[in-house]
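# Residue-level structure breakdown
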Amino acid sequence: MRIFITGASGWIGSAVSQEIIAAGHEVVGLARNDESFAKLQAAGVTPHRGNLDDLDSMREAATAADGVIHLAYKHDFSDMAGAGATERATIEMFGDTLAGSDRPFLFASGVAGLAPGRLASEDDAVPFSGPEAPRGGAEALALSYADRGIRSVALRFSPTVHGEGDHGFMQVISGIAGEKGVSGYVGDGSSRWPAVNRLDAARMVALALAKAPAGSRVHAVGEEGISSLEIAAAIGDARGIPLVSIPPEDAAAHFGWIGMFFGLDVPTSSARTQDLLGWTPTHPGLVDDIKSGFYGSRRPAQ
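- Looking at an unreviewed UniProt entry, one finds the protein named SDR family oxidoreductase and attributed to Cryobacterium glucosi.

Structural data, given as structure tokens:
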């Protein structure tokens, strides 16, 4: 098959592309600039010039493809409404392009907010819908396309997709610890985040492309819930700095914008995904990756 992937040069997308190629498919990747174009070429991916604001370019690539994996997103926390509007417009374009074709349409989503305080599962519907909802209500909209002859599948990723080279949430939290000289956790540290190794997540996406039925939700979750205390302790050990509790009311001041996420308790299961796809996470867990120094390590003695 010829699979069009947005975000193909990104942290998750680059690993997904290699899994799809290894499965014997051709990958066409959206290239938003010359750097992305060259990176895709070097990885054996056919570059297609365009970006998330160029709907015509993406429509052209999707029309010529046997399936679409949409992983790109504008992670602009200063304009979340604008990012959500772009996401909704992109989803609508793919829906119109693929309608009636029974082609697969896999798209990135998340697990935060599904069922705060309890173990979320694939049965939990996303509570957000409509153009004004977070991410433009994209998941609910895209899953509804199963009724339009599209094999739409929600790829729900853990808040941290970790590994060597990660520059996401975990790198931000560790960077803050390095700057402040203490590794903080929120309150009593009992809030939990699910996590998944990048390579395990990529394998799950490839299996979902092959097996997931229309309208399904699959969870890229390797560990159901790691406490913020355990995460902070691993960062503190890796960096050689003390561990401290940050009162919830001070989380925003200490952590900045990521403070509102780090204190969330969002444990999530992937048991049904593993059964459905025959997927078993096998790569190192988050704490092991932190201990490996991927998110900062002790400064050498002066």
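Still more ground to cover, so stick around.
### Points about the packing of aromatic side chains
- One pass over the full model with this rule turns up nine aromatic pairs.
- Three or more aromatic residues joined by ring pairs make a cluster, and in this case those are F169, W193, F255, W257, F261 and F262.
- Here the basic side chain of R49 rests over the ring of F37, its NZ or CZ set 4.3 Å away from the ring centre.
- Sitting above the plane of the Y145 ring, R148 keeps its charged end 5.0 Å from the centroid.

### What to know about the sheet that holds strand β7 (residues 160-162)
- Strand order in the open sheet formed by three strands is β7-β9-β11, and the pairing between neighbours is mixed. Looking at which strands have only one partner, the edges of the open sheet turn out to be β7 and β11 (223-227). The mean inter-strand angle of the sheet, taken between neighbouring strand axes irrespective of direction, is 45°.
- Sheet topology places strand β9 (residues 192-197) next to β11; three bridges connect them, and they run antiparallel. Its bridge partner being in β11, R192 is matched across the sheet by S227.

### Regarding unusual backbone geometry
- In this model, D102 sits at a positive phi of 60°, which is unusual for a non-glycine residue.
- Relative to the assigned elements, D102 resides in the loop between α4 (80-98) and β5 (104-110).
- For D102, a relative accessible area of 59% puts it in the exposed group.

Parameters and conventions
Residues numbered from 1 in each chain as written. Predicted model: local features only at pLDDT ≥ 70, side-chain atom pairs only at ≥ 80, totals over all residues. Heavy atoms only, no water. Phe/Tyr/Trp six-rings, centres within 6.5 Å; stacked < 30°, edge-to-face > 60°. Lys NZ or Arg CZ within 6 Å of the ring centre and 35° of its normal. Pairing = 2+ DSSP bridges. Helix = DSSP H or I, 4+ residues; strand = E, 2+ residues; numbered from the N terminus. Axes fitted to C-alpha atoms, helices over the stretch in contact; angles between N-to-C directions. Buried < 20%, exposed > 50% of the residue type's maximum accessible area, 1.4 Å probe, protein only.

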